[in-house]
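Spelled out, the chains give:
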Amino acid sequence: MGRNRRIVCFLLLIHGTLLLQPSQAFNVDVKGAQVYTGPADGQFGYSIQQFSNSKGQWLLVGSPWSGAPQNRIGDVYKCPVTGTQQTCDKLNLGDVMTVPNVTEVKQNMNVGLTLLRNEKSGGFLTCGPLWAQKCGSHYYPVGMCSEIDSSFKLSRTFLPALQSCGSFIDIVIVLDGSNSIWPWDPVQNFLTELVSSLDIGPGKAQVGVVQYAETARFEFKLSDHKTKAEAVKASARVSQMLGSETNTAHGIRFARNQAFSLDNGRRKGATKVLVVVTDGESHDSGILPSEIAACETERIIRFGIAVLGYYNRVGIDTSNLIKEIKSIASEPKEKHFFNVSSEGALLEIASALGERIFSIEGTSNKNEDTFLLEMAEVGFSAHYTPKQSLLILGAVGAYDWSGTIVHQSSDETTIFTKKIFASVLQDRNDSSYLGYALTSLVSADSVFYVAGAPRFQHTGQIIVYTVGSNGEVTIKQKQKGEQLGSYFGSVLCSVDVNRDSLTDILLVGSPTFMGEQKNEEGRVYMFSVNEGILTKQGDLEGPTRSGNTRFGASIAVISDINLDGYNDIAVGAPLENDNRGAVYIYSGHKTTIQPKSTQKILASEVDTNLKYFGLSIDGQMDMDSDGITDLSVGSIGRVVQLWSRSIVNVSVTMAFTPEKLSIFDKNCMA
């Protein structure tokens, strides 16, 4: 009996000691959360920002597919945290985010995909990266961003990659009207269809028609018709002039000297395009090379169309004809040369020819870099640098999806060219998505910029760079992902842990990183920062159970949620627990982040209706005026305002009487 009592005393002592061990505190209350609902099919909750103005505290919620299924214009909602209203109001920003004198395509612009509080202005930024402009029959999703002021009114809209449709173009069509062209009706139909496909009007394209056989004549001049309807009507009246010879060189000379003269309607600065349609080798072929050379000198872009109908009908070898018309066409030949088997087949290429001409409209007066911004999707990501009045925007679609970055200050916009990052991207397949995520690193003397390229060589990469006073970009460092398809660099978060205004830690999300069971478990990498140089410190400890979680799909700095003087971190795992989602909180300490979470918030603990909880996170404001930063979390169709509670720090000491226990004393009594 005495032995059993001694064992019990010993176990009680050990158990009490364990109970009194120091433990990490957590203080986000999962009960009593404020939940706001919105359209799930509009992706309400995709982005979230805490916001404050003279009217109170708000949650700004991005709904980039708002309008679905009819459209995906997108929008931002304002949800009042203070007051009695429990519903969110749509700001209808898609209606006011507009650009004059541009043909806009807003159906899928995705307003709210990017949502960012502007601490300096007191307002916020939102972007619709799939806003498109229509140029002719082409749609260019260049992206649009707008700044909204503190009263939710539009302040300004800007489009760094807005394209000049380039329709300031003079087009002269030179038609072979010799006897061998037969029948004429298909030629006339081709002409009207081609003219119909052009963007004709003041300040846009204008068209003239020349017909030739032995000689050449005007059918109508460049300046004759100011509208498309007039030009189409005139084209339908063109009749065949007939003639026994095909003097193509003279037809080209007439167009060059007469049709493209200022007296006959050519406009200064307009791109000159010549379209030559013929069915036979020229009778004046001796002067054809000199005419082609003159066109080249005068920067006349030329399309050559060989109609093989006559040659096919009488059994003549077409190779010489094709060779001659190819010589007329500009380089590259595959874009500027057509051949058709008969006059009737001309109609089949009219639309394609119009598209080719339009592509010239988009590039003739631009350099390659500008043209390749037509799919830029500027505003896919955004970041305000803390020490500068500088906005950084991601343009993932630029340069055939290689991506680039836009720096915008109050007086200047810089879009970095493809060659600047070419050496580090080595993007043979043009699909790195540079600019998918952005942040900055602040040192005592400098600001370093960080851009994610999650599809770089399929593993992902981040790039650290600086911009000198002369605008020169210097690549400081690059870090590559570890696993194919992990989307390393798709989420970036820079952290000033000790609140001295200098960056201590960079966190990099890799949300589709696969674990041993081939599930998308996700991973968050932690790098220390010293003068822009990154040193890997390990990973944050995330979900312990295998399964799809996408841990790291969102990462946000929380402004000292536990009141210990250090900033903290929240990480979303929106697929955890069968897509219900979870959020992990990590404490800052000195100049690092403790890798083990101090609190895990399961969606099921907050609201059983939540799906993809942790998709977006923000935690920079005290939303209930109790002196503690609160946490706001987005899920699809719902957003949650969680309240932080005060922490009681308990210090534990233990005293023993007597101070020593004799191992020879058999009696376990005081």
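Sequence order as written defines the numbering, with residues in each chain counted from 1. The predicted origin of the model limits local features to residues at a pLDDT of at least 70 and limits the giving and counting of side-chain atom pairs to 80 or more, whereas totals for whole chains, interfaces and linings rest on all residues. Just so you know, side-chain values use all the structure's heavy atoms and leave hydrogens and water out.

**What about the overall build of the protein chain?**
Part 1 of the argument: The secondary structure listing takes helices from DSSP runs of H or I that are at least 4 residues long and strands from runs of E that are at least 2 residues long, numbered from the N terminus. If you tally the helices and strands in the protein chain, you get 15 helices and 39 strands.
Part 2 of the argument: What the globule rule says is 2.2 Å times the number of residues to the power 0.38, and the radius of gyration is computed from C-alpha atoms. Here the C-alpha atoms of the protein chain give a radius of gyration of 34 Å, more than 25% beyond the 26 Å that 2.2 N^0.38 yields for 670 residues.
Part 3 of the argument: The long-range fraction of contacts in the protein chain, counting pairs at least 24 apart against all pairs at least 6 apart in sequence, stands at 61%.
Part 4 of the argument: A total accessible area of about 29900 Å² is found for the protein chain, and carbon and sulfur atoms account for 49% of it. Contacts between residues were defined by any pair of non-hydrogen atoms, one from each residue, lying within 4.5 Å. A 1.4 Å probe and the Shrake-Rupley method give the accessible areas. Residues count as covered only by the protein chains that appear here.

**Topic: the nonpolar core**
Part 1 of the argument: Within the largest apolar cluster, 40 residues are counted, with the highest numbers of intra-cluster contacts made by V76, L93, F124, L125 and L393.
Part 2 of the argument: Broken down by secondary-structure element, the contributors of at least two residues to this core are β3 (56-63), β7 (114-117), β8 (124-128), β11 (144-148), β19 (378-384), β20 (391-395) and α12 (398-401).
Part 3 of the argument: Aside from chain neighbours lying at most four places away, what touches V76 is L60, V61, D89, K90, L91, L93, V111, G112, L115, F124 and T126.
Part 4 of the argument: Counting residues in each nonpolar core, the second largest holds 35 residues, with I169, I173, L175 and L194 among its members. The nonpolar core is taken to be a set of buried Ala, Val, Leu, Ile, Met, Phe, Trp, Tyr and Cys residues, with the residues joined through side-chain atoms within 4.5 Å. Each residue is assigned to one of three classes by its accessible area relative to the maximum for its type, calculated with a 1.4 Å probe on protein chains only: buried under 20%, partly exposed between the two thresholds, exposed over 50%.

**Description of the UniProt feature "domain: VWFA" (unreviewed entry) in the protein chain**
Part 1 of the argument: Following the UniProt record, one finds the feature "domain: VWFA" (unreviewed entry) at residues 170-353.
Part 2 of the argument: Regarding residues 170-353, the helix share stands at 39% and the strand share at 22%, and the terminal C-alpha atoms are separated by 15 Å. UniProt positions are given in the numbering used here, feature names are shortened, and annotations may be inferred rather than shown by experiment.

**Describing the sheet that holds β3**
Part 1 of the argument: Two strands are counted as paired when DSSP detects at least two bridges linking them. Spatially, β2-β3-β4-β5 is the arrangement adopted by the 4 strands of the open sheet, whose pairing is antiparallel. The outermost strands of the open sheet, each flanked by one partner alone, are β2 (47-53) and β5 (89-90).
Part 2 of the argument: Inspection of the sheet shows β2 paired to β3 by 7 bridges, in the antiparallel sense. Counted as the bridge partner of Q50 is L59 from β3.

**Notes on the pairing of strand β33 (residues 582-586)**
Part 1 of the argument: Most of β33 sits inside the fold, with 5 of its 5 residues counted as buried.
Part 2 of the argument: Going residue by residue along β33, you find A582, Y584 and Y586 tucked away on one face and V583 and I585 tucked away on the opposite face as well.
Part 3 of the argument: Relative to β33, strand β32 (residues 568-573) is paired through 5 bridges, and the arrangement is antiparallel. Across the sheet, A570 pairs through a bridge with I585, a residue of β33.
Part 4 of the argument: For β33 and strand β36 (residues 599-602), the ladder comprises 4 bridges, and the chain directions are antiparallel. When the bridges of β36 are listed, I585 appears paired with Q599.

**Some words on the packing of aromatic side chains**
Part 1 of the argument: Classification of ring pairs rests on two measures: the distance between centres of Phe, Tyr or Trp rings, Trp counted by its six-membered ring, which must be within 6.5 Å, and the angle between planes, read as stacked under 30 degrees, edge-to-face over 60 and tilted in between. All told, the structure shown has 16 aromatic pairs when counted by the stated rule.
Part 2 of the argument: Aromatic pair F416 and Y465: ring centres 6.1 Å apart, planes at 85°, arrangement edge-to-face. Residue F416 is located in the loop between β22 (413-415) and α13 (418-425), and its partner Y465 is located in strand β25 (residues 461-467); the two are separated by 49 residues in the primary sequence.
Part 3 of the argument: Y465 sits in the buried class, given a relative accessible area of 0%.
Part 4 of the argument: Three or more aromatic residues joined by ring pairs make a cluster, and in this case those are F380, W401, Y433, Y436 and Y487.

**Notes on the pattern of salt bridges**
Part 1 of the argument: Basic side-chain nitrogens of Lys or Arg form a salt bridge, by our definition, when they fall within 4 Å of a carboxyl oxygen of Asp or Glu. Tallied over the full model, the rule gives 19 salt bridges.
Part 2 of the argument: Across the salt bridge formed by R645 and D29, the nearest N and O atoms sit 3.3 Å from each other. Of this pair, R645 sits in the segment after β39 (638-644) while D29 is found in strand β1 (residues 28-37), placing the two residues 616 residues apart along the sequence.
Part 3 of the argument: Look at the salt bridges and you will find they share partners, linking R253, R256, E291 and E298 into a network.

**Concerning the domain arrangement of the protein chain**
Part 1 of the argument: As annotated, the domain borders come from an automatic or database domain assignment. Looking at the assigned domains, one finds that the protein chain contains domain 1 (28-142 + 537-669) and domain 2 (169-361).
Part 2 of the argument: Using only C-alpha atoms to locate each centre, domain 1 and domain 2 end up separated by 61 Å.

**What about the state of the cysteines?**
Part 1 of the argument: What counts as a disulfide here is a pair of cysteine sulfur atoms lying within 2.5 Å. This model, assessed by the stated rule, comprises 2 disulfides.
Part 2 of the argument: C79 shares a disulfide with C88; S-S distance 2.0 Å. On the sign convention where negative is left-handed, the bridge of C79 and C88, at about 110° about the S-S bond, is right-handed.

**Let's talk about unusual backbone geometry**
Part 1 of the argument: A cis amide bond links W182 with the next residue in sequence, P183, at an omega value of -10°.
Part 2 of the argument: Cis geometry is found at the peptide bond from E331 to P332, where omega equals -10°.
Part 3 of the argument: Position of P332 among the secondary structure elements: in the loop between α8 (319-328) and α9 (333-336).
Part 4 of the argument: Not every positive phi belongs to a glycine, and N110 is a case in point at roughly 65°.
Part 5 of the argument: Turning to its location among the elements, N110 is positioned in the loop between β6 (104-105) and β7.
Part 6 of the argument: On the basis of relative accessible area, N110 is assigned to the buried category, the value being 7%.
Part 7 of the argument: Here the phi dihedral of D400 falls at roughly 55°; this positive angle occurs in a residue that is not glycine.
Part 8 of the argument: Tracing the backbone shows D400 in helix α12.

**Quick look at the pairing of strand β26 (residues 473-480)**
Part 1 of the argument: Pairing of β25 with β26 involves 7 bridges; the strand directions are antiparallel. By the bridge assignment for β26, T466 is matched with T474.
Part 2 of the argument: Where β25 folds back on β26, the antiparallel hairpin that results is connected by 5 residues, among which G471 adopts a positive phi of roughly 85°.

**Quick notes on a nonpolar patch on the surface**
Part 1 of the argument: Like charges within 9 Å and nonpolar side chains (Val, Leu, Ile, Met, Phe, Trp, Tyr) within 5 Å are joined into patches, using only residues over 30% in relative accessible area that form no salt bridge. On the surface, a cluster of nonpolar side chains totalling about 230 Å² of accessible area is made up of Y310, V314 and I316.
Part 2 of the argument: Following the sequence through the fold, I316 ends up in the loop between α7 (309-314) and α8.
Part 3 of the argument: Judged by relative accessible area, I316 falls into the partly exposed class, the value being 35%.

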